[in-house]
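Summary of structural features
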Amino acid sequence: MIATATTGSNLVLVVAVFLACVVEMVEALTIVVAVGKTRSWRSALEGVAVAIAALTLLVAIFGPALATIPLGSLRLIIGGILLIFGLQWLRKAILRSAGYIAKHDEDVIFANTAAQLSNAAGNRDRVAFIVSFKGVFLEGLEVVVTVLTLGASSHQLGLASATAGVALVLVAAVGAIVARQLSNVPENAMKMTVGIMLVSYGTFWSGEGLKLAWPGNNAMLPILVGIYALVSWFVIALLKHDPVEVHEASL
Amino acid sequence: MSETKQALVIRIIKGFAFFWWDFLVGDTPELFVGTVLVLGIAAMTSLLGHLRVLTVIVLPVSVLLMLLVSVLRVVRAKRSS
């Protein structure tokens, strides 16, 4: 029973980290491909390399530091961060699915980035390097926070890091093949899944940090995933059919 | 420390602070404030032995309410505009 629950929570961890990493990496890849195609592949890839080096340095500094914080406090803080981050993702995914905000379009991002770059003044290689670096560093920072928080709180930092590594290799390989067809990635569905998982983890670890006794211990995690998924689906269905009544009734 | 180094340090600190502000607050301050409030209340109720069981239910329900309020905030704004 305990072994099954642990395997289940590990599976949730792997899926959450993998999808979160894929979403962020696809965004970074869009920028890098746009920079590479319109400016200079060499400078774009240099920007990627420096950004990855900077992120590695951050992980090397902050990764071991997490181990020195008392577990209860760490879980409460991390749970809070995951809750906020997950709720932001889930909210956006619900609103996109219900048609209240526009879906994230990688082709539009590609076109906008390419247009900005072709109009940019100044040293060509420098612009390509900076845009590529910023894109990879900022999206990568979100990946780092996700991997560190989820990995450290569940004592599975190695598993979380390995999953992120697999996601990186996969996105890079697929990116190299499909290059511009990034809009085919079902970004909103992935964002919804990640949002649900982050909120579930956030709730679970906050509770653990507060020393709550969850029914079934680790088995509560997939149950939370199910509850949040069900409510999200219900909210989307209501918003799609009758926004006014939903608005009034749900508050 | 030279002025150039000081300016660089300040820029890094500002960038770091901006990242966390954007990451945690951004355009959804209600989720940040709500989470702090929910965890604060949960922390208080979990200290009281007889309310600890209740917190197990209150925590996920509060999270869902926070999500609904934030979603409906956008729905209301979109419909009134």
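What counts as what
Residue positions are counted from 1 within each chain, in the order its sequence is given. In the order they appear in the text, chains get letters beginning with A and ligands get numbers beginning with 1. Residue-level local features of this predicted model are given only where pLDDT is at least 70; pairs of side-chain atoms are given and counted only at 80 or more, and the full residue set underlies all totals for whole chains, interfaces and linings. Side-chain measures were taken over the full set of non-hydrogen atoms in the model, leaving aside hydrogen atoms and water. In this text, helices come from DSSP runs of H or I with a minimum length of four residues, and strands from runs of E with a minimum of two, each type numbered from the N-terminal end. Relative accessibility decides the category of a residue: with a 1.4 Å probe and only protein chains considered, values under 20% of the type maximum give buried, values over 50% give exposed, and everything between is partly exposed. For helices, the axis comes from a line fit to the C-alpha atoms of the stretch in contact; other axes are also lines fit to C-alpha atoms, and the angle between any two N-to-C directions lies between 0 and 180 degrees. Orientation categories follow fixed angle ranges, with anything under 35 degrees roughly parallel, anything over 145 roughly antiparallel, 65 to 115 roughly perpendicular, and all other angles oblique. The contact rule is simple, with two residues in contact once any of their heavy atoms fall within 4.5 Å. By convention in these notes, a salt bridge is any Lys or Arg side-chain nitrogen within 4 Å of a carboxyl oxygen on Asp or Glu. A score between 0 and 100, pLDDT records how confident the predictor is in each residue. Note on convention: the crossing is left-handed when the near helix lies turned anticlockwise from the far helix by less than a right angle, right-handed when the turn is clockwise. Nonpolar residues are Ala, Val, Leu, Ile, Met, Phe, Trp, Tyr, Cys and Pro. Charged residues are Asp, Glu, Lys and Arg, and all others, Gly as well, are polar. By buried area we mean how much accessible surface two parts lose on assembly, using a 1.4 Å probe and totalling the loss over both. Any pair of N or O atoms that falls within 3.5 Å is considered a polar contact. Within protein, one atom must be able to donate a hydrogen and the other to accept it, and sequence-neighbouring residues count only if both atoms are side-chain atoms. Buried Ala, Val, Leu, Ile, Met, Phe, Trp, Tyr and Cys residues that are joined via side-chain atoms within 4.5 Å together make up what is termed a nonpolar core. A helix is expected to span 1.5 Å for every residue after the first.

**Things to note about the overall build of chain B**
Check the secondary structure of chain B and you find three helices and zero strands. Counting every position in chain B, which comprises 81 residues, the buried fraction comes to 35%.

**Describing the packing of helix α2 (residues 29-47) of chain B against helix α3 (residues 52-80) of chain B**
Residue and element names in this part refer to chain B. Relative to each other, α2 and α3 sit at 170°, their axes nearing to 10 Å. It follows that α2 is roughly antiparallel to α3 by the angle criterion. Contacts from Glu30, Leu31, Gly34, Thr35, Val38, Leu39, Ala42, Thr45 and Ser46 in α2 reach Arg52, Thr55, Leu59, Ser62, Met66, Ser70 and Arg73 in α3.

**Thoughts on the pattern of salt bridges**
What the rule picks out here adds up to four salt bridges over all chains. For Glu208 of chain A, the salt bridge goes to Arg75 of chain A, with nearest N and O atoms at 3.4 Å. Separated by 133 residues along the polypeptide, Glu208 of chain A in helix α7 (residues 187-209) and Arg75 of chain A in helix α3 (residues 71-97) bring together distant segments of the chain. Overall, Arg75 of chain A belongs to the buried group, its relative accessible area being 14%. Salt-bridge contacts for Glu30 of chain B lead to Arg91 of chain A; the nearest nitrogen and oxygen are separated by 4.0 Å. In this pair, Glu30 of chain B is assigned in helix α2 and Arg91 of chain A in helix α3, connecting two distinct chains.

**Considering the confidence of the model for chain B**
Low pLDDT means the predicted atomic positions in that stretch should not be read closely. When the pLDDT values of chain B are averaged, the result is 86; 99% of them are 70 or greater. For this predicted complex, the interface score ipTM comes out at 0.88, while the overall pTM is 0.69.

**Looking at unusual backbone geometry**
Phi is positive for Lys211 of chain A, which is not a glycine, with a value near 60°. For Lys211 of chain A, the location among the structural elements is in the loop between α7 and α8 (220-241).

**Description of the packing of α3 of chain A against α8 of chain A**
All names here are of chain A. Packing of α3 against α8 brings their axes to within 9 Å, and their N-to-C directions diverge by 35°. Relative to α8, α3 is oriented so that their crossing is right-handed. Mapping the contact onto sequence places Leu90, Ile94 and Ser97 in α3 and Ser232, Val235, Ile236, Leu239 and Lys240 in α8. The class makeup of the residues in the contact of α3 with α8 is five nonpolar, two polar and one charged.

**Let's talk about the interface of chain A and chain B**
With 39 residues of chain A in contact, the opposing surface of chain B contributes 33 residues. Carbon and sulfur atoms supply 82% of the area buried between chain A and chain B, which totals about 3400 Å² over both sides. On the chain A side of the contact with chain B, Ile84, Leu87 and Arg91 of chain A bury the most area, a combined 19% of that side's loss. The tally of links between chain A and chain B comes to three residue pairs in polar contact (both at pLDDT 80 or more). For the side of chain A that touches chain B, the secondary-structure elements that each account for two or more residues are α3, α5 (124-153), α7, α8 and α9 (243-250) of chain A.

**Focus on the nonpolar core**
Within the largest apolar cluster, 80 residues are counted, with the highest numbers of intra-cluster contacts made by Val17, Cys21, Ile94, Leu150, Tyr201 and Leu239 of chain A together with Val71 of chain B. Counting residues in hydrophobic clusters, the runner-up holds nine residues, among them Val32, Val35, Ala44 and Ala51 of chain A.

**Some words on α7 of chain A**
All names here are of chain A. Here α7 spans 32 Å end to end across 23 residues, near enough to the 33 Å set by a 1.5 Å rise per residue. With 20 of its 23 residues buried, α7 lies for the most part within the structure. Just downstream of α7, Lys211 is the residue with a positive phi angle, here 60°.

**Focus on the side chain of Glu30 of chain B**
Residue Glu30 of chain B is classed as buried on the basis of its relative accessible area, which comes to 18%. A distance of 2.5 Å separates the side chain of Glu30 of chain B from the side chain of Ser70 of chain B, its partner in a polar contact. Residues within four places of Glu30 of chain B in sequence aside, it is in contact with Arg91 of chain A together with Ser70 and Arg73 of chain B.

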